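# Commentary on secondary and tertiary structure
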Amino acid sequence: MEADVVRSDLVLPPVMPFKRVQTGDKYPKGQSRARYWKHLKQLLQAENFISLPPDEPNYLNIESPPSMYPPKKYCDITGFEAPYVDPRTKLRYADPEVFRRVRNLPIEHVQRYLALRNAAVILR
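Residues numbered from 1 in each chain as written. Predicted model: local features only at pLDDT ≥ 70, side-chain atom pairs only at ≥ 80, totals over all residues. Heavy atoms only, no water.

- As recorded in an unreviewed UniProt entry, the chain goes by INO80 complex subunit C and comes from Carex littledalei.
- Listed in UniProt under the heading Subcellular location (unreviewed entry), the comment for the chain reads: "Nucleus". (UniProt positions renumbered as here; feature names shortened; annotations may be inferred.)

Encoded structure:
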C-alpha cells in the first residue's frame with residue numbers, strides 16, 4: 001500500500017493572492033506612495049474648457065437651484081449639529097454640558113461667538 005503513494009513536491013506560487021502585499025514590493029524605492037490629487041485649476045486646464053461650447057456644462061458655469069432642505073444649524077462651541085438655541089444668548093448648543101458652558105460664558109465671549117456666524121446682537 002505504501003508503494004502506491006507517490007512523493008511529490010508541493011509547488012506554491014511566490015505570492016499568495018489572499019495575502020497582503022508588502023509595501024516594499026508594491027512601491028519600489030523612488031516611487032511615490034501618496035495619491036496625487038489635482039486642484040480645480042489643474043482640472044480646468046486639463047479639461048480645456050475654452051474650446052467647449054458655452055451651453056455645455058463645465059466647472060465654471062455649473063448652476064444649481066437652492067437646496068430644498070432647510071440649512072443645518074451647528075453648535076457654536078463644538079461644531080456638532082445643534083438642535084437647541086439658548087434663548088438668553090442666542091447661541092446654538094448640542095447637548096446639556098455645552099449649555100452649562102454657554103450660560104457661564106462672559107458677554108464678550110458670547111458676542112465673539114455670535115460675530116463668527118454673523119449673528120452679532122447687543123445683549124442686555
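Anyway, onward from the coordinates.
## Focus on the UniProt feature "domain: Vps72/YL1 C-terminal" (unreviewed entry) in the chain
- Under the present numbering, the feature "domain: Vps72/YL1 C-terminal" (unreviewed entry) in UniProt falls on residues 73-102.
- Taken end to end, residues 73-102 comprises 23% helix and 13% strand; its first and last C-alpha atoms sit 16 Å apart. (Helix = DSSP H or I, 4+ residues; strand = E, 2+ residues; numbered from the N terminus.)

## Brief notes about the nonpolar core
- Judged by nonpolar contacts, Cys75, Ala82, Leu91, Tyr93, Ala94, Val98, Val102, Val110 and Leu114 together constitute the single largest core of nine residues.
- Elements with a contribution of two residues or more to this core: helix H3 (96-104) and helix H4 (107-116).
- Setting aside chain neighbours within four positions, we find Cys75 in contact with Phe80, Glu81, Ala82, Arg92, Tyr93, Ala94 and Val98. (Core = buried A, V, L, I, M, F, W, Y, C linked by side-chain atoms within 4.5 Å. Buried < 20%, exposed > 50% of the residue type's maximum accessible area, 1.4 Å probe, protein only. Contact = heavy atoms within 4.5 Å.)

## Looking at the pattern of salt bridges
- Counted according to the given criterion, the structure contains three salt bridges.
- In this structure, Glu81 engages Lys72 in a salt bridge whose closest nitrogen and oxygen atoms are separated by 3.7 Å.
- Judged by its relative accessible area of 48%, Glu81 falls in the partly exposed class.
- Asp76 serves as the salt-bridge partner of Arg117, at 3.0 Å between the closest nitrogen and oxygen. (Salt bridge = Lys/Arg side-chain N within 4 Å of Asp/Glu carboxyl O.)

## Side note on the environment of Val85
- Relative to the helices and strands, Val85 resides in strand E1 (residues 84-85).
- Between the C-alpha atoms of Val85 and Lys73, which are 12 residues apart in sequence, the distance is 9.8 Å.

## What to know about the packing of aromatic side chains
- Counted under the stated rule, the structure contains two aromatic pairs.
- With 5.4 Å between their ring centres and 25° between their planes, Tyr84 and Tyr93 make a pair best called stacked.
- Each ring, one from Tyr93 and one from Phe99, has its centre 4.8 Å from the other, and the planes form 40°; the classification is tilted.
- Judged by its relative accessible area of 13%, Tyr93 falls in the buried class.
- Given a relative accessible area of 25%, Phe99 falls into the partly exposed group. (Phe/Tyr/Trp six-rings, centres within 6.5 Å; stacked < 30°, edge-to-face > 60°.)

## Quick word on the side chain of Asp86
- Looking at the secondary structure, you find Asp86 in the loop between E1 and strand E2 (92-93).
- Using a relative accessible area of 0% as the deciding quantity, one classes Asp86 as buried.
- For Asp86, the side chain forms a polar contact with the side chain of Thr89, separated by 2.7 Å.
- With residues up to four places along the chain from it excluded, the contact list for Asp86 reads Leu91, Tyr93, Phe99, Val102 and Arg103. (Polar contact = N/O pair within 3.5 Å; in protein donor to acceptor, adjacent residues only side chain to side chain.)

## Let's talk about the environment of Asp95
- The residue Asp95 is located in the loop between E2 and H3 in this model.
- Of the residues examined, Asp95 reaches a relative accessible area of 34% and is grouped as partly exposed.
- Residues Asp95 and Thr78 lie 17 residues apart in sequence; the distance between their C-alpha atoms is 9.8 Å.
- Among the polar contacts listed, one links the side chain of Asp95 to the backbone nitrogen of Val98, at a separation of 3.0 Å.

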